[in-house]
Structures are given as C-alpha cells and as structure tokens.
Amino acid sequence: MSNAPKKFWRLGILGWPLGYSLSPLVHEQALKTAGLRGEYREYPVKPEDLWDWLGQVPALRLCGFNVTMPYKKSVFAWLVGEGEGRLGLAEVPEGAIGAINTVVMDNKERPVGYNTDGEGFLRPLLDPPRSLDLKGWHVLLLGAGGAAEAISVSLSVRTKVERLTIWNRNLDRARALAETANRWRGGRGAAHFAQVGERLESLPVGECQLLVNATPVGMDGPGERLVDSGKLHQGQWVYDLVYGPRETALIRAARRQGCRVITGDEMLAGQGAASFELWTGVKGMLPVMREALDEHFRSH
Ligand code: NAP
C-alpha cells in the first residue's frame, strides 16, 4: 500500500457577495460521502479586486472552483485571454458558452472553464420522477445573466421547446441573449425561436408552459417578485433559481394559483453534482447533495 498522502481537494466558490451560498454545504457533504480529504471555501471577492484575485489563482493551489454572481461572464473573458488579470494559459472547451460556473485546474495547473448550470437546470425537468417532454412548449425566462445564458443554450440545444421569450432589466442584454439562443438552435425557424419581451406588464405570463426566474429577485424581500402572479394558472410550471429562501414569493404565489413548482435547491444540487464530477471524477453525488439541502431546509 502506498504511503503517499491522500490528495487534498482544495475547492471553493468565487462570487460577491457570498453569505447566502449553500454550495459549501453540498460540496463538503459530497467530499465526506466520497471519502475524499478536502475543503470547499468561500472566496468573496469585491468587483474591484476580481482581476487581482484571478491572477493569484495558481498561488491558491486550488483543484477547482465554482463561479457565481456576478462573475460568470468575467471569468469567461479571463479564460479566453481578455481582461486585465488574464493568465493567457487558459482553455475553454469547444462548445463552451460565454459564462463559466466551474473552473477545473488541469494537471499542469491551467484553468479550464465549464458550465454546469444548464445541466443542473434541465435535470429536475427531464429526469424522473417528472420526466417532462418540453416539446412545443413556450418558456418565459426572466434574466439574461450567466445562469440565463446557460439555460437558454440548454433549452435550444437539448429540448424541443418551441418558443423562448426573454425579459431582462437591461434590454440590450436580453436581445443579445435571444440572438445567442437562436444561433445555438440553428436550422429552420431558428430566427423565431427566441424573442425579447420588452415590457414586464405585457409578458406572456399566463400563456407560457414554463416560467423561469433567473434573476436574484426573491432573495431579499418576502414580497419581492417580478411578474403579476394573478395571471398564473393551473397546468403551468414555475421554476425559481433562487434557493434562499427556498419558498420565494414567486413560488408561494405560483402554488396558490395551482401551478407546479421547482425550487432553486433542485438546480443547485444538479449543477453541484456535475461540478463535483468534473473536479474529482466521482459520479452520483446528486442524491447526497439533495439530502443535504433537504436537511438544511428542515432545520432552518
Ligand atoms: P448574473 O450573471 O449576475 O445575472 C444576474 C441577472 O439578474 C441579470 O439578468 C440581471 O439583470 C438580473 N437582475 C439583477 N438584479 C435584478 C433586479 N433587482 N431586478 C431585475 N433583474 C435583476 O447572475 P446569475 O449567475 O445569472 O444568477 C442569477 C440568479 O440565479 C441568482 O439569484 C443566482 O443565485 C441564481 N442561480 C441559482 C442557481 C441554482 O443552482 N439554483 C444557479 C445559478 C444561478 P441586468 O442584466 O439588467 O443587470
């Protein structure tokens, strides 16, 4: 038997602010369950310090890290060699989107970027027990940030969703994302797949089959939500990416209107398990992460 010390998995999450994140909880539990030595630390980095921090990544000797709000696009820019703090060594796998939520340090200590948000988003919809077939659906997506980009690309490539309406506070970003989604969809009719909903008041809230909140609205206030939930009705699905609180104002309103709901912790476990597998090669951590989150919400 080898006397070499077991590898220490030094992992973490980069974002600002970070106090709300449950990623440390799920990854620490996965490390423990997989029998790996390691840690998962928070790296709350202010925007003015981001490029310095990225420049110091090799010195931190991380095996990998997650990226969350508001840095998914900045880290993509860093990886492709833009931005002040670039390493110039980085790689982005072919087919990567313009937002990164997982960085893996390869065996030459070079950062490689991935995005597991799309996978994490789709699993609760497509996997059992829901096993939904989204064919012909109209999806209304609120937000055009990093998570919204991953979701749009996954919906356009991996599902038969027919229409995607994107609303964002900054309309130019919504337009750019709609173009991206149409490019990824490709083929006939691609130009009409994604479109922009310009005004919150006239969004097709009552007409879509699935409404997705990919903004942080709902994290702060008990009454905070973007759309008029009175337009929601039975038979629709509502998916809120926000998981703190688990029962956001949108989710509560959707339940009252008879909609079926998916809360953000389900996606958190899905994207977390996919990131964990990219770093460590260990599969099957989804149920472990879901159980850790259930336990957390039972006691909070
Ligand atoms: P991001 O790249 O920083 O994008 C944030 C998005 O939210 C942008 O579209 C932004 O609009 C919009 N936004 C921010 N504040 C807003 C407000 N007060 N009103 C309306 N829109 C607002 O962040 P992200 O990574 O996409 O994350 C978005 C949300 O999803 C966060 O709450 C994050 O925690 C959550 N998330 C959850 C999971 C999960 O696993 N459950 C995974 C990823 C993300 P502008 O473009 O106009 O600024």
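Every value quoted in this text rests on a predicted model; they were computed, and no experiment measured them. (Residues numbered from 1 in each chain as written. Predicted model: local features only at pLDDT ≥ 70, side-chain atom pairs only at ≥ 80, totals over all residues. Heavy atoms only, no water.)

Asks: In this structure, what is going on with the overall build of the protein? I would like to understand it.
Replies: Helix and strand counts for the protein come out as 10 helices and 11 strands. Dimensions along the principal axes, computed over C-alpha positions, put the protein at roughly 60 × 45 × 35 Å. Residues counted as buried form 50% of the 300 residues belonging to the protein. Of the roughly 14,200 Å² of accessible surface on the protein, a fraction of 49% belongs to carbon and sulfur atoms. If you average the places of the 36 positive and of the 34 negative side-chain charges in the protein, the two averages end up 3 Å apart. (Helix = DSSP H or I, 4+ residues; strand = E, 2+ residues; numbered from the N terminus. Buried < 20%, exposed > 50% of the residue type's maximum accessible area, 1.4 Å probe, protein only. Areas by Shrake-Rupley, 256 points an atom, 1.4 Å probe, with all protein chains shown as cover. Lys, Arg positive; Asp, Glu negative; His and termini not counted. Charge placed at Lys NZ, Arg CZ, Asp CG, Glu CD.)

Asks: How should I be thinking about the environment of valine 227 in this particular structure?
Replies: Tracing the chain through its elements places valine 227 in the loop between strand 9 (210-213) and strand 10 (237-240). Taking the C-alpha atoms as reference points, valine 227 and serine 202, 25 residues apart in sequence, are found 9.6 Å from one another. Setting aside chain neighbours within four positions, we find valine 227 in contact with Leu142, Leu200, Leu203, Val205, Leu211 and Leu250. (Contact = heavy atoms within 4.5 Å.)

Asks: Sorry if this is basic, but what is going on with the layout of surface pockets here?
Replies: Taken as a whole, the largest pocket encloses approximately 1,000 Å³ of empty space. For the lining of the largest pocket, the element with the most residues is helix 9 (residues 264-280), which contributes four residues. (1 Å grid on protein atoms, 1.4 Å probe; cavity = no way out; pocket = protein on both sides within 12 Å on 5 of 7 lines; lining within 4 Å. Points joined across faces, edges and corners; volume = space filled by probe spheres on them.)

Asks: In this structure, what is going on with the side chain of threonine 248? I would like to understand it.
Replies: In this fold, threonine 248 is placed in the loop between strand 10 and helix 8 (249-256). For threonine 248, a relative accessible area of 1% gives the class buried. Residue contacts for threonine 248: discarding those within four places in its chain leaves Gly218, Asp240 and Val242.

Asks: What's the story with the packing of helix 5 (residues 117-126) against helix 9 in this structure? I'm lost.
Replies: The description of two packed helices rests on the angle between their axes and on the distance between the axes. Contact geometry of helix 5 with helix 9 gives a least axis separation of 7 Å together with a crossing angle of 130°. With respect to each other, helix 5 and helix 9 are oriented oblique. Here the hand of the crossing between helix 5 and helix 9 comes out right-handed. Where helix 5 abuts helix 9, its residues Asp117, Glu119, Gly120, Phe121 and Pro124 lie against Glu266, Met267, Gly270, Gln271 and Ala274. (Axes fitted to C-alpha atoms, helices over the stretch in contact; angles between N-to-C directions. Parallel < 35°, antiparallel > 145°, perpendicular 65-115°, else oblique. Left-handed = near helix turned anticlockwise from the far one by under 90°.)

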